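Breakdown of the fold
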Amino acid sequence: MSEKFSKIYDHSIKNPENFWQEASNDIFWFKKPTKILNKSNPPFYKWFEDGITNTCYNALDFHIDQGKGKRTALIYDSPITGSKYKLTYEELRSKVSKFAGALKNQGVNKGDRIIIYMPMIPEAVIAMLACARIGAIHSVVFGGFASNELASRIDDSKAKVLVTASCGFEPGRTVEYKPLVDEAVKLANHKIDKMILFQRTAHEVKLNAPKEISWDEVLLKAKEVDCVEMNSNEFAYILYTSGTTGTPKGIVRDIGGHIVALKWTMKNIYNIDEGDIWWSASDIGWIVGHSYIVYAPLFKGCTTVLFEGKPVGTPDAGAFWKIISDYKVKSLFTAPTAFRAIKKEDPKGEFFSKYDLSKFESLFLAGERADPDTIKWAENLLKVPVIDHWWQTETSWAISSNCTGIEMMETKYGSACKAVPGYDVKVIKQDHSLAKPNEMGDIVVKLPLPPGTFPTLWNADKRYKDNYMSNYEGYYQTYDAGHIDEDGYIWIMSRTDDIINVAGHRLSTGAIEEVLSEHQSVAECAVLGIADKLKGQLPIGLIVLKAGVDKDNATISKECIQMVRDKIGPVAAFKVAIVIKRLPKTRSGKILRGTIRKMADNVDFKMPPTIDDPLILDEIKDDLIKNNILKSA
Ligand code: COA
Ligand code: AMP
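Residues numbered from 1 in each chain as written. Chains lettered and ligands numbered in written order. Predicted model: local features only at pLDDT ≥ 70, side-chain atom pairs only at ≥ 80, totals over all residues. Heavy atoms only, no water.

What to know about helix H17 (residues 593–600)
Test applied: Only protein chains enter the accessibility calculation, which uses a 1.4 Å probe. A residue is then buried if its area is under 20% of the maximum for its type, exposed if over 50%, and partly exposed in between. The helix count covers DSSP runs of H or I at least four residues long, the strand count covers runs of E at least two residues long, and both are numbered beginning at the N terminus. The arc in question is the one spanned by the directions pointing from the helix axis to the C-beta atoms. Whether two residues are in contact is decided by their heavy atoms: any pair within 4.5 Å suffices.
Those residues of H17 not exposed but buried are Thr595, Ile596, Met599 and Ala600. Along the axis of H17, the buried positions cluster into a sector of 135°, meaning they face one direction only. Buried-residue contacts for H17 involve strand E27 (522–532), strand E28 (536–545) and helix H18 (615–626). Of the residues one or two after H17, asparagine 602 is the one with positive phi, at around 60°.

So, in structure tokens, the structure goes:
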């Protein structure tokens, strides 16, 4: 079984340089690399270090040069606003190169950082590609984050320009971007030079010239510009992600390795050929959106769908089927939570039966563990393979997957299949020995990581090394735990740090705790991700008040919830803050978060022998019952 796959996989692990050199022949280089992998300074590896290329050239110009400029590059469909249109490769390049010219006119040069804080509109993609065209480094910030998070990214990246829009649309409400951006700009210590704002029809806002300019205005004097030549190891983008502390980490992506790896994945993992219609229902603010709404499908010469809507409520649970049917989508990539949302609203698939999905071939799920029930429900409905695959912002492409373009393998429900070529995945036990098949431990990847993964953190080489590459020498620590079975299937069971996954969005409970601690009545707190049928996990906060606080608990809870919304953003989905008397700790003072979480999830747990006072758990149990988190026995 899976002989073809095994042969390719083994080649990638035994001869990585040879394997990726072959893959690199498939992309456009101004100067082909002669040095494939520099291993002289571990854990800082360099792929294709003397290669010269450009991300935007590979995404657009390369296809136009080959006479494919009339092919549709992007389909925009926004059930929220009712707007939809298509752009060919030529049309998209024209818009991108004009906006690139506009950025140049605003003083943006190679290496400058540009923050993009935008909803799911084509201008966001245009801004990303325009940065790539002139060698600027973009940092896209998800629209569901609040001003504080935006400000921390402006400060860390020291961005020159911020590109935004007048608003985003969430079902039932307009997200006013301008006040959020204004607040972020005020909060940030680093001062941006310019703000470029795209005015959305029906929601124009006032701009304060000369620092704030509209998208249309910057285009007036702009000329189309060509792609600049970039060294393979210069940076394409920074994407901030939740870390083990509240301070987000700037994951950086180099240029050459990113193009080579992502283009390779389209055929080998997803079985997508050039010209195919591909849809990733994520958001450009997340890694899935970067890699699979924008870059990989365009590198491959596909048509990518940009969808401004939700799986349910825009207008109904048939929204996904409508897009697939209208545009003859071949494969969809989304998070399991989206399918759980559809299943909840339309368990019998009545909406599904209204559409023609005859061109649809596969569904890929990632971002959180895909529960077997959801996979089976989707398989029954769609009658196509449903593939769970595992990856991270750090890697930008799948670490494990059924590589459908190489060879379709058997599905084991609950497993994210086997390591993808390029990744030598192992499990390490607490005593630092390698686990045997089926033994649990920390999941790690042997260094060097393949191309397209993060070569470092933005301005934080030491944090990169200390955080990811030091606990297990010679390995990248994924912070996921699980096991590998006797057939090489990887089973991701949990995170080993404070990260939780809420509706496929990666959040740090530490960051939420930092916000709660700022409330003047809060003495200490713990935030846990508890199991949720729809979103996978949901954060709940347990708060201990300072002595002598005379405000009532309900008011304090409400204030805490609002603070998290204001400081982190609505995406934190933080709706439960329970005031408790005390937190359970070990005798050395460590809060027993894992134990409380197990109790809240109603799973068996052992009373930790080091607990300072076991009675505290009974008190918390009562509080969880009172707040409908736990049912009484
Ligand atoms: N801008 C502003 N606010 C946003 C936002 C954005 N781009 N995205 C989400 N939010 C807000 C939502 O409106 C919601 O606000 P509310 O508290 O006022 O209702 C809050 O953030 C939580 O959003 P979410 O967790 O997404 O919940 P939801 O109930 O709106 O939708 C799903 C639930 C399952 C439909 C939705 O999460 C979904 O489609 N997920 C798909 C998965 C995905 O895209 N994952 C990304 C990685 S692959
Ligand atoms: P992000 O960086 O936002 O993509 O989140 C990465 C994390 O999401 C991983 O470290 C896992 O914890 C989780 N994750 C992603 N895909 C899967 C999957 N298929 N199965 C289980 N967990 C996953």
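Description of the pattern of salt bridges
Stated precisely, the cut-off is as follows: Salt bridge, as used here: a side-chain nitrogen of Lys or Arg that lies within 4 Å of a carboxyl oxygen of Asp or Glu.
Within the structure shown, the criterion is met by 34 salt bridges. One salt bridge in this structure joins glutamate 308 and arginine 200, with 2.9 Å as the shortest N-O distance. Taken as a pair, glutamate 308 in the loop between strand E17 (303–307) and helix H11 (319–327) and arginine 200 in the loop between strand E11 (194–198) and strand E12 (212–214) lie far apart in primary sequence, 108 residues in all. Arginine 200 gets classed as buried once you look at its relative accessible area, which sits at 5%. Taken together, the shared-partner salt bridges connect Asp61, Arg93 and Arg133 into one network.

Structural notes on the sheet that holds strand E16 (residues 277–280)
The line we're drawing: A strand pair is defined by DSSP finding two or more bridges across the two strands. For helices, the fitted line uses only the C-alpha atoms of the stretch in contact; every axis is such a line through C-alpha atoms, and the angle between N-to-C directions lies from 0 to 180 degrees.
Spatially, seven strands are ordered E5-E4-E17-E16-E18-E19-E20 in an open sheet, and the strand pairing comes out mixed. Lying at the two open borders of the sheet, with one neighbouring strand each, are strand E5 (83–88) and strand E20 (386–388). Taking each pair of neighbouring strands and ignoring which way they run, the sheet shows an average axis angle of 20°. Relative to strand E19 (residues 362–365), strand E18 (residues 331–334) runs parallel, the two being bridged by four bridges. Within E19, the position partnered with threonine 334 by the bridge is leucine 365. Across the sheet, helix H10 (residues 287–299) is in contact with strand E4 (72–78), E16, E17 and E18; its angle to E17 comes to roughly 150°.

Observations regarding the pairing of strand E29 (residues 576–580)
Rule in force here: Consider the strands pointing away from the viewer: the crossover is right-handed when the path from the first strand over the helix to the second runs clockwise.
Counting buried positions over the five residues of E29 gives four, a clear majority of the element. The pairing of E28 with E29 spans five bridges and is classified as parallel. The residue bridging isoleucine 540 from the neighbouring strand is valine 576, located in E29. The parallel pair E28 and E29 is bridged by helix H16 (residues 553–567), and the resulting crossover is right-handed.

Concerning the site of ligand 1
Inclusion rule: Any residue with a heavy atom lying within 4 Å of a molecule or strand is counted as near it. N or O atoms closer than or at 3.5 Å make up a polar contact, with two conditions inside protein: a donor-capable atom paired with an acceptor-capable one, and, for residues adjacent in sequence, both atoms drawn from side chains. Each residue gets one of three labels, nonpolar for Ala, Val, Leu, Ile, Met, Phe, Trp, Tyr, Cys and Pro, charged for Asp, Glu, Lys and Arg, and polar for the others, Gly among them. Marked domain ranges trace back to an automatic or database domain assignment.
The environment of ligand 1 is formed by 23 residues, the closest being Glu170, Arg173, Lys535, Arg565 and Lys575. Contact between ligand 1 and glycine 144: a nitrogen atom at 3.4 Å from a main-chain N or O atom of the residue. Interatomic distance of 3.4 Å between a backbone N/O atom of valine 571 and an oxygen atom of ligand 1. Residues of the shell around ligand 1, tallied by class, amount to 10 nonpolar, six polar and seven charged. The residue makeup of the shell around ligand 1 includes at least three contributed by each of domain 1 (3–309 + 389–482) and domain 2 (503–626).

Let's talk about helix H4 (residues 89–105)
Put simply, the rule reads: How far a helix is expected to stretch is found by multiplying one less than its residue total by 1.5 Å.
In this model H4 runs 24 Å from its N-terminal to its C-terminal C-alpha over 17 residues, within 8% of the 24 Å that 1.5 Å per residue would give. Tyr89, Leu92, Val96, Ser97, Phe99, Ala100, Gly101, Ala102 and Leu103 are the residues of H4 that are buried. Just past H4, the residue glycine 107 takes up positive phi, approximately 90°.

So, the site of ligand 2
Our working definition: Per-residue and other accessible areas follow the Shrake-Rupley method at a 1.4 Å probe size, with only the shown protein chains counted as cover for residues.
Neighbouring residues of ligand 2: 15 residues in total, closest Asp388, Thr393, Asp480, Arg495 and Arg506. Between ligand 2 and aspartate 388, the relevant distance is 2.7 Å, taken from a nitrogen atom to a side-chain nitrogen or oxygen of the residue. Within the backbone of histidine 389, an N or O atom sits 2.7 Å from a nitrogen atom of ligand 2. Out of a free accessible area of 490 Å², ligand 2 has 94% covered by protein chains. When its residues are assigned to classes, the shell around ligand 2 shows four nonpolar, five polar and six charged.

A few points about the sheet that holds strand E21 (residues 425–428)
Taken in spatial order, the four strands make up an open sheet running E21-E22-E23-E24, and their pairing is antiparallel. Of all strands in the sheet, those bounded by a partner on one side alone are E21 and strand E24 (490–495). Within the sheet, the average angular offset between the axes of one strand and its neighbour, ignoring direction, is 50°. As judged from the five bridges shared by strand E23 (residues 475–484) and E24, these two strands associate in the antiparallel manner. Its bridge partner being in E24, aspartate 480 is matched across the sheet by arginine 495.

Some words on the nonpolar core
So the rule is basically this: What we call a nonpolar core is a set of buried Ala, Val, Leu, Ile, Met, Phe, Trp, Tyr and Cys residues that are connected through their side-chain atoms within 4.5 Å.
Within the largest apolar cluster, 124 residues are counted, with the highest numbers of intra-cluster contacts made by Phe99, Leu129, Trp215, Tyr292 and Trp397. The biggest single contributor to this core is helix H5 (residues 122–134), with 10 residues. With sequence-adjacent residues up to four places away left out, phenylalanine 99 is seen in contact with Ile126, Ala127, Ala130, Val163, Ile196, Trp215, Val218 and Leu219. Listed in part, the 42 residues of the second largest apolar core include Phe145, Val181, Trp286 and Phe574.

Examining the environment of asparagine 627
Within the secondary structure, asparagine 627 sits in the segment after H18. In this structure asparagine 627 comes out as partly exposed when scored by relative accessible area, which is 35%. Sequence spacing of asparagine 627 and valine 576 is 51 residues, and the spatial spacing of their C-alpha atoms is 8.6 Å. Within the local environment of asparagine 627, its side chain forms a polar contact with the backbone oxygen of aspartate 623, the two atoms lying 2.8 Å apart.

Focus on unusual backbone geometry
For the bond from proline 42 to proline 43, the omega torsion is 5°, close enough to zero to count as cis. Relative to the assigned elements, proline 43 resides in the loop between strand E1 (37–38) and strand E2 (46–47). Residue proline 315 is bonded to the preceding threonine 314 through a cis peptide linkage, with omega at -5°. Relative to the assigned elements, proline 315 resides in the loop between E17 and H11. The phi dihedral of lysine 328 falls on the positive side, at around 55°, and the residue is not glycine. Within the secondary structure, lysine 328 sits in the loop between H11 and E18.

Overview of the packing of H5 against H10
Helix-helix packing is characterised by the crossing angle of the two axes and by the distance between the axes. Definition in use: Oblique is the label for any angle not under 35 degrees, not over 145, and not in the 65 to 115 range, which are roughly parallel, roughly antiparallel and roughly perpendicular in turn. In this scheme the handedness of a crossing depends on how the near helix is turned from the far one: anticlockwise by less than a right angle means left-handed, clockwise means right-handed.
Interaxial distance between H5 and H10 falls to 12 Å at its minimum, and their mutual angle equals 60°. What the angle tells us is that H5 and H10 run oblique. By crossing handedness, the relation of H5 to H10 is classed as right-handed. On H10, the residues touching Val125, Met128 and Leu129 of H5 are His290, Val294, Tyr295 and Leu298. Of the residues that constitute the contact of H5 with H10, the class distribution is six nonpolar, one polar and no charged.

Side note on the environment of leucine 528
With respect to the secondary-structure elements, leucine 528 resides in strand E27. Owing to a relative accessible area of 4%, leucine 528 belongs among the buried residues under this scheme. When the C-alpha positions of leucine 528 and glycine 275 are compared, they lie 45 Å apart, and in sequence the two are 253 residues distant. With sequence-adjacent residues up to four places away left out, leucine 528 is seen in contact with Thr509, Leu538, Pro539, Ile540, Leu542, Arg593, Ile596 and Arg597.

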